[in-house]
2 protein chains.
Amino acid sequence: MNTMNHRYCVIMCGGVGTRFWPFSRHDRPKQFLDFFGTGKSLLQMTVDRICPSVSVDNIILVTNKEYLHIIKEQLPQIKDSNILLEPARRNTAPCVCWAAKHIYAMDPDAVIVTLPSDHMVLKEPEFCKAIDEGFDFVEKGNRLLTLGIKPSGPNTGYGYIQQGSAEKDFPGIFRVKAFVEKPNIEMAEMFVATGEFFWNAGIFLWSAHAILEAFDKLAPEIAQTLDAPRDVYATPKEPEFIDRHFPDCVNISIDYAIMEKASNVYVKTVEFGWSDLGTWKALYETSPRNSEGNVTQNCQVILSDCSGSIFAAEGKKIIVAAGLKDYIVADTGKALLIYPINEEQKIRNIVNDVRSRFGEDFV
Amino acid sequence: MNTMNHRYCVIMCGGVGTRFWPFSRHDRPKQFLDFFGTGKSLLQMTVDRICPSVSVDNIILVTNKEYLHIIKEQLPQIKDSNILLEPARRNTAPCVCWAAKHIYAMDPDAVIVTLPSDHMVLKEPEFCKAIDEGFDFVEKGNRLLTLGIKPSGPNTGYGYIQQGSAEKDFPGIFRVKAFVEKPNIEMAEMFVATGEFFWNAGIFLWSAHAILEAFDKLAPEIAQTLDAPRDVYATPKEPEFIDRHFPDCVNISIDYAIMEKASNVYVKTVEFGWSDLGTWKALYETSPRNSEGNVTQNCQVILSDCSGSIFAAEGKKIIVAAGLKDYIVADTGKALLIYPINEEQKIRNIVNDVRSRFGEDFV
């Protein structure tokens, strides 16, 4: 049997984020941006990255209705019936449940890898190998597998997964002992020192059967809300059903609803140059730097006495700067941000301020 | 006799400057910019400012050929025959001499005020009063008059004029004792303390006859180079004559060629909120500031912990910044400058660097 045809990928690309304002805006969130000026958006790179492991016809995108036009523009190879349009934002658990029901209706033997759409992976061959080995593992039984990234340092911006006992016959796969929320720096340092803790990358593998069984048991209110007669999922009746019932789902993440509660949860520890690109700092740390430790994106710079800074622009701009230490300089046509990188947590509030003072056009 | 019809204005608007890069560029120097976001360029403001004193038909513009299209766009009220197109850049003396010959050919009784095109005047009524009084003075005889601005502080960016004995019957007008080049700070402080020194604003008044006589005597090589048969100036033959002979003129300023040598030079001391806008610092100092001492131009800002800085943009941009003290932030579509205001003298070298690395398009 060619198992590859039972292998599916769900890419969650409905998120809205303004942490990278002014680059990411409500009408153009991060996953749709050509973040590195390579000509491909993070979403396009995510699709390219999974293609060696999953056939393109088995890639399912879950997004918000308002982004359909961007997705069709960026991913013409994905057929319409593989694009699931959420009528409302309900976090990741309802999204995962719907996608699993959709896929299960087409293929009860399906195994699924679920991916965020806006992360970065530097070592694609290692990534593909990890995904393939993960599929091999979840095809063997009723198991929920998450990938755990070997920490490169005591990062406080990620949740951690503590590994338990090793799985026989599956090197690098362990029982999960605990999920831990974003720690403070002392905790993070301790975690890294033990060697037992890994970053939670939000990459999951399971069979459609296993995850639906987990929903039935651990999040029955979602399972029941999305419960439909046999002829709904993967048929023309599906959109109307979803439009009516999906908004009734509780707003909860897959981690809270399932992973932290389930007993059959495993972690595969991996190391493939991953970043969630969740912060300017993360972007800075994963990007190549010049000799003064500055990072440039889509711009040309003449810098004197600048260090530890990231310069990002649209449209191949020239940036001339002096005397900036540890700064974000981010320029779009409409807005310019010049901000200390260590205060970037304030950007969320600033964006709210911009919205209230200058209107939605700028966020 | 209505003397106003003999009153002329020459506006020199052929200069090229990159000190305000990225705003001022070779193909769009400072005088053509809407510097304050008011909808009018500095040149347009200069024309508006002189209009109470000089009829629009008596306003002569001297510029470089390459800027003709901008001038026709910005000043449709100026007729073509009043636009003198220099075939080459030869500093201010040849420009002044040509304009005087052109005007003298039309009106031997003409008196002329010569103005730079890219300065700022805050108190226009006082400016007009000074110009009118200056015309009254130079109409009385063979005199070269310059305006001297009462210093607001020991500025080292301007040349100074030292006043001599007062002219009877003309309050505020003095013989010039000396022209002094840009001083160092100790000298400038001494100048200001004496009360005898005034900034040289490059604004001159004289009769056409008086200045041409001065050229004959003090800069005969220019006078002779531009000497033409009677039917050339202010006739269709003028452009061809100028194209052939003007480039042969020496490159020298009116201050060096005439003012510092002439014996009939007077200064009228004035105070009308003047700045040559020659530096970002000068622009900063003449612009209204918010409570943290920041200046904004054509942008909206959200600033925290910023002071002593100037934020200038095109296209009504939003600028969010933190932690900048005494900075220039200047943004155009193509380039962004973030530079300590006290190091702005380095900008000239940077522009050369930009030119050599990225090409003329950016300067």
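Presented here is an overview of the structure given in this document. (Residues numbered from 1 in each chain as written. Chains lettered and ligands numbered in written order. Predicted model: local features only at pLDDT ≥ 70, side-chain atom pairs only at ≥ 80, totals over all residues. Heavy atoms only, no water.)

Rotating chain B by 180° and translating it 0.2 Å along the rotation axis places it on chain A, where the RMSD comes to 0.1 Å. Such a combination of turn and shift is consistent with a two-fold rotation axis. Rotation axis and chain B: the residue whose C-alpha lies nearest the axis is Gly333(B), separated from it by 3.6 Å. A shared interface surface links the copies, since 100% of the contact residues of chain B are contact residues in chain A too. (Least-squares fit on C-alpha atoms with pLDDT ≥ 70 in both. Contact = heavy atoms within 4.5 Å.)

The next subject is the interface of chain B and chain A. Facing 32 residues of chain B, the contacting portion of chain A comprises 32 residues. For the chain B and chain A pair, buried surface summed over both sides reaches about 2,500 Å², with 66% attributable to carbon and sulfur atoms. The largest contributions to the chain B side of the interface with chain A come from Ile318(B), Val320(B) and Leu336(B), which together make up 26% of the buried area. On inspection of chain B and its partner chain A, the count reaches 2 salt bridges. With a shortest N-O distance of 2.6 Å, Lys317(A) and Asp331(B) are connected by a salt bridge. Going through the elements one at a time, strand 12 (295–304), strand 13 (310–322), strand 14 (327–331), strand 15 (335–340) and helix 11 (347–358) of chain B are the ones with two or more residues in the side of chain B that touches chain A. If one sorts the elements of the side of chain B that touches chain A by residue count, strand 13 of chain B sits on top with 7 residues. Residue composition of the side of chain B that touches chain A, grouped by class: 21 nonpolar, 5 polar and 6 charged. Two strands pair when backbone bridges link them, and strand 13 (residues 310–322) of chain A and strand 15 of chain B are joined in this way by 4 bridges, in the parallel orientation. Bridging across to strand 15 of chain B, Ile318(A) finds its partner in Ala335(B). (Buried area = accessible area lost by both parts, 1.4 Å probe. Salt bridge = Lys/Arg side-chain N within 4 Å of Asp/Glu carboxyl O. Helix = DSSP H or I, 4+ residues; strand = E, 2+ residues; numbered from the N terminus. Nonpolar A, V, L, I, M, F, W, Y, C, P; charged D, E, K, R; others polar. Pairing = 2+ DSSP bridges.)

What follows concerns empty space enclosed by the protein. For the coordinates displayed, the defined rule picks out 3 cavities of 30 Å³ or more. If you go around the largest cavity, the residues you meet are Thr46(A), Arg49(A), Leu115(A), Pro116(A), His119(A), Val121(A), Phe127(A), Ile203(A) and Trp274(A). Each residue belonging to the lining of the largest cavity can be placed in one class, and the counts come to 6 nonpolar, 2 polar and 1 charged. What the second largest cavity holds in volume is close to 40 Å³. Residue lining of the second largest cavity: Thr46(B), Arg49(B), Leu115(B), Pro116(B), His119(B), Val121(B), Phe127(B) and Ile203(B), and that is the complete set. Elements with a minimum of two residues in the lining of the second largest cavity: helix 1 (42–50) and strand 4 (111–116) of chain B. For the lining of the second largest cavity, the class distribution of residues is 5 nonpolar, 2 polar and 1 charged. (1 Å grid on protein atoms, 1.4 Å probe; cavity = no way out; pocket = protein on both sides within 12 Å on 5 of 7 lines; lining within 4 Å. Points joined across faces, edges and corners; volume = space filled by probe spheres on them.)

What follows covers the packing of aromatic side chains. All names here are of chain A. Under the criterion given, the structure shown has 28 aromatic pairs over all chains. Measuring from centroid to centroid gives 6.2 Å for Phe 23 and Trp 280, while their planes differ by 65°, and the two rings are edge-to-face. In this pair, Phe 23 is assigned in the loop between strand 1 (7–12) and helix 1 (42–50) and Trp 280 in helix 10 (residues 280–286), connecting sequence segments 257 residues apart. Of the residues examined, Phe 23 reaches a relative accessible area of 12% and is grouped as buried. (Phe/Tyr/Trp six-rings, centres within 6.5 Å; stacked < 30°, edge-to-face > 60°. Buried < 20%, exposed > 50% of the residue type's maximum accessible area, 1.4 Å probe, protein only.)

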